[in-house]
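Structural features, examined
Below are the chains, spelled out letter by letter.
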Amino acid sequence: DICNHFKRIIMKLNWGQSIVVAFILFIGFIMYFVITMLTDQKYDNDLVVESYYEKDLTLQNDIDQKENALALEERVTIDKSQQGLMVTFPDNFDYKKISGELFMYRPIDKKQDFTIDLDLSGLRFTVPQAYLEKGRWDATLKFEYEGEDYMVVEKFLF
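These notes cover the structure that comes with them. (Residues numbered from 1 in each chain as written. Predicted model: local features only at pLDDT ≥ 70, side-chain atom pairs only at ≥ 80, totals over all residues. Heavy atoms only, no water.)

1. So, the sheet that holds strand β5 (residues 124–128)
In spatial order, the strands read β1-β2-β5; together these three strands make up an open sheet with antiparallel pairing. Each edge of the open sheet carries a strand with a single partner, namely β1 (77–80) and β5. Each adjacent strand pair in this sheet contributes to an overall mean axis angle of 20 degrees, direction not counted. Inspection of the sheet shows β1 paired to strand β2 (residues 84–88) by four bridges, in the antiparallel sense. When the sheet's bridge partners are listed, Ile78 is paired in β2 with Val87. (Pairing = 2+ DSSP bridges. Helix = DSSP H or I, 4+ residues; strand = E, 2+ residues; numbered from the N terminus. Axes fitted to C-alpha atoms, helices over the stretch in contact; angles between N-to-C directions.)

What follows is the structure, encoded as structure tokens:
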């Protein structure tokens, strides 16, 4: 019987040999997980931003743009709606003078990230629900209006 055979082998091991066997099994266990994490595509560990260091250099510019957006009398809003994600600009803005883009970031899968260039026909536009898989999304709206740059960042759960 195989169980009795293994029992006899284990009983013959002294404590030093047992420690060596335990270390070998532990190292094998760790190596299995390391290899799995490095080779399996579902554990794709990419940086949040491809050009990490270049992004760090523009950090102050991003902070200034966010402060500009917060200083507006009437704020730009990004909200969930039944149709999807609605972006609303202040009523005192002329939509023809607004240019920029909306970047949708999906933390779980960078393949679902997308950017929409602002081509407005009014002060509101909607990202259709069909574009947004269930889960977390980060919306970053960068736009220029009358020579001033703005940035609005919101996080959503669909």
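Next comes the rest of the account.
2. A word on unusual backbone geometry
For Glu146, which is not glycine, the phi torsion reads 50 degrees and is therefore positive. With respect to the secondary-structure elements, Glu146 resides in the loop between β6 (136–145) and β7 (148–157).

3. Topic: the nonpolar core
Counting 27 residues, the largest nonpolar core has Phe89, Ile98, Leu141 and Phe143 as its most contacted members. Considering every element that reaches this core, the biggest residue donor is β6, with five residues. In this view, Phe89 contacts Val76, Ile98, Leu118, Leu120, Leu123, Phe125, Leu141 and Phe143; residues no more than four positions away in its chain are not counted. (Core = buried A, V, L, I, M, F, W, Y, C linked by side-chain atoms within 4.5 Å. Buried < 20%, exposed > 50% of the residue type's maximum accessible area, 1.4 Å probe, protein only. Contact = heavy atoms within 4.5 Å.)

4. Topic: the pattern of salt bridges
Any two side chains of opposite charge can pair, so long as their charged atoms come close to each other. All told, the structure shown has four salt bridges when counted by the stated rule. The salt bridge involving Lys97 is made with Glu146; its shortest N-O contact spans 3.3 Å. With Lys97 in the loop between β2 and β3 (98–105) and Glu146 in the loop between β6 and β7, the pair connects residues that are 49 residues apart, well separated along the chain. Here Lys155 and Asp138 are joined by a salt bridge, their closest N and O atoms 3.7 Å apart. Here Asp138 lies in strand β6 and Lys155 lies in strand β7, a separation of 17 residues in the sequence. Judged by relative accessible area, Lys155 falls into the exposed class, the value being 54%. (Salt bridge = Lys/Arg side-chain N within 4 Å of Asp/Glu carboxyl O.)

5. Concerning the side chain of Arg106
In this fold, Arg106 is placed in the loop between β3 and β4 (114–117). Of the side chains with opposite charge, Glu133 comes closest to the buried, unpaired Arg106, at an N-O distance of 5.5 Å. At a separation of 3.2 Å, a polar atom in the side chain of Arg106 contacts the main-chain carbonyl oxygen of Arg136. Every residue in contact with Arg106, bar those within four places of it in the chain, is listed here: Gln112, Asp113, Glu133, Lys134, Gly135, Arg136 and Trp137. (Lys, Arg positive; Asp, Glu negative; His and termini not counted. Polar contact = N/O pair within 3.5 Å; in protein donor to acceptor, adjacent residues only side chain to side chain.)

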